[in-house]
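Each chain, written out:
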Amino acid sequence: KQWYQRRVAITAGDYSRAGNPTRTAFEECIAKLEGGKYCVATSSGLAATMLLVNTLKAGDHILCCDDVYGGTNRYFNRVVSNFGIEITMCDPTDLEKFKSNLRDNTTMIWIETPTNPTMKICDIAGVVEIVKKRYEGKQVPKVIADNTFSTPYFQRPLELGADCSINSVTKYINGHTDVVMGVISTNNKEFYDKLTFLIMAVGPCPSPFDCYLALRGVRTLHLRMRQHETNSLAVGRWLEKHPRVSKVIHPGLPSHPQHELAKRQMKGFSGMLSFIIDGGKEEATLFLQSLKIFALAESLGGYESLAELPSVMTHASVPPEQRKLIGISDSLIRLSVGIEEPEDLIADLERAFNIVYKK
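Residues numbered from 1 in each chain as written. Predicted model: local features only at pLDDT ≥ 70, side-chain atom pairs only at ≥ 80, totals over all residues. Heavy atoms only, no water.

K.L.:
Explain unusual backbone geometry to me, please; I cannot follow it from the model alone.
P.N.:
Leaving glycine out, the prevailing phi sign among residues is negative, and the prevailing peptide bond configuration is trans. Omega for the bond connecting Thr113 with Pro114 falls within 30 degrees of zero, at -5 degrees, which places this linkage in the cis form. Here Pro114 is to be found in the loop between β4 (106-112) and α5 (124-134). Looking along the chain, the bond that leaves Asn116 and enters Pro117 is cis, with omega of 10 degrees. Tracing the chain through its elements places Pro117 in the loop between β4 and α5. Within the chain, Met119 stands out as a residue other than glycine whose phi angle is a positive 60 degrees. By the secondary structure assignment, Met119 is in the loop between β4 and α5. Classification of Met119 by relative accessible area gives buried; the value is 1%. Non-glycine residue Thr177 carries a positive phi angle of around 60 degrees. Tracing the sequence through the fold places Thr177 in the loop between β6 (164-168) and β7 (182-186). Looking at Thr177, the relative accessible area reads 47%, which means it is partly exposed. (Helix = DSSP H or I, 4+ residues; strand = E, 2+ residues; numbered from the N terminus. Buried < 20%, exposed > 50% of the residue type's maximum accessible area, 1.4 Å probe, protein only.)

Here you go:
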């Protein structure tokens, strides 16, 4: 068997938690896609987040962008904060404000771009420059970029100076809605060694079969991402013209406040967009329940189109006052636009609008 050892104390491949050939193949593949040297695969996106936080200690400080995946927000503020690690959340689009929240004990900068679900764009290179200047001659905090919404096909945070790029493989990288995994990519050998130690010590590793499925997904990543982009832009442009929509948030549209920045640091855009519907929770709920092609679900990044109401679904664990500050209202709907025919998707949305507003 693969894990049988030929000699005493030769540990390569001795235990599947420490590594296996399929996992190694997947990690090498993602590292190359990210333009990095090293990659660690984990059992979920949140497991990757946990692994990174496990490199910290009590008394450290994490500066995190205010609009992040709801699970990240919950983990940082309701779990990590219990272990003596301080958390500050700040608008990532205001670099001066971001800079003012850096502390002497800041050891990790956590940015997500585009953010979930309000699609803010964070200037990765700008953050890196601020951090390097602020901590010149001192221990520089690690800059972590959550690249889940873009994938390495459309954005490479490591090439923009980030220390690590993290992805929930569950979403676009796998793309088939049948795997839960995460990855961390880096160029820092010392940090990579620390992460591989933690994989063995803490145990959040993926199974060989999940790695096999994720490798299968990567093979069509370029094709899927191009179609996600085409479809989401078509849907976004249509929504912008709809009289019952007050705002569409898609970084690929000129109306997005960070559109020019998005064009500079990204090669393209995924299937993610959000929009604000007239009315409130009642209208948004009826709209979502009236869709036929878009499935009502919290996940994203698969081949199929999904829709959800973040305020009561993916971001329900975020305190109401924080949701209000970020802009997650009961009328904000998030779409993960799949790779179906765009005309069918638009027709589905039009039908739901007609039901809600009884055209």
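K.L.:
What am I meant to see in the sheet that holds strand β8 (residues 245-249) here?
P.N.:
Pairing between the strands of a sheet is mediated by backbone hydrogen bonds and can be parallel or antiparallel. With mixed pairing, the 5 strands of this open sheet are ordered in space as β8-β9-β12-β11-β10. Two strands in the sheet have a free side with no partner beyond their single neighbour: β8 and β10 (295-296). The pairing of strand β9 (residues 272-277) with strand β12 (residues 332-336) spans 5 bridges and is antiparallel. The residue bridging Ile276 from the neighbouring strand is Leu332, located in β12. Helix α9 (residues 221-240) rests against β8, β9 and β12 of the sheet, and its axis sits at about 15 degrees to β9. Sitting on the sheet, helix α11 (residues 281-290) is in contact with β9, β10, β11 (306-308) and β12, with an inclination near 130 degrees to β9. (Pairing = 2+ DSSP bridges. Contact = heavy atoms within 4.5 Å. Axes fitted to C-alpha atoms, helices over the stretch in contact; angles between N-to-C directions.)

K.L.:
Explain the pattern of salt bridges to me, please; I cannot follow it from the model alone.
P.N.:
Oppositely charged side chains are able to pair whenever their charged atoms sit close together. In the structure shown here, the tally under the stated rule is 14 salt bridges. Here Glu260 ties to Lys263 by a salt bridge, and the two come within 3.4 Å at their closest N and O atoms. Remark: Lys263 and Glu260 occur in helix α10 (residues 259-265); sequence separation between them is 3 residues, near one turn of the helix. Judged by its relative accessible area of 44%, Lys263 falls in the partly exposed class. Taken together, the salt bridges that share partners define one network made up of Asp66, Asp91 and Lys120. (Salt bridge = Lys/Arg side-chain N within 4 Å of Asp/Glu carboxyl O.)

K.L.:
I tried to follow the sheet that holds strand β2 (residues 61-65) on my own but got confused; where do I start?
P.N.:
Pairing within the open sheet is mixed, and its 7 strands lie in the order β1-β7-β6-β5-β4-β2-β3. The open sheet has two free edges, formed respectively by β1 (38-42) and β3 (86-90), since each of these has just one partner strand. On average, adjacent strands in this sheet sit at an angle of 20 degrees to one another, irrespective of strand direction. With 5 bridges connecting them, β4 and strand β5 (residues 142-146) associate as parallel partners. By the bridge assignment, Met108 is partnered in β5 with Lys142.

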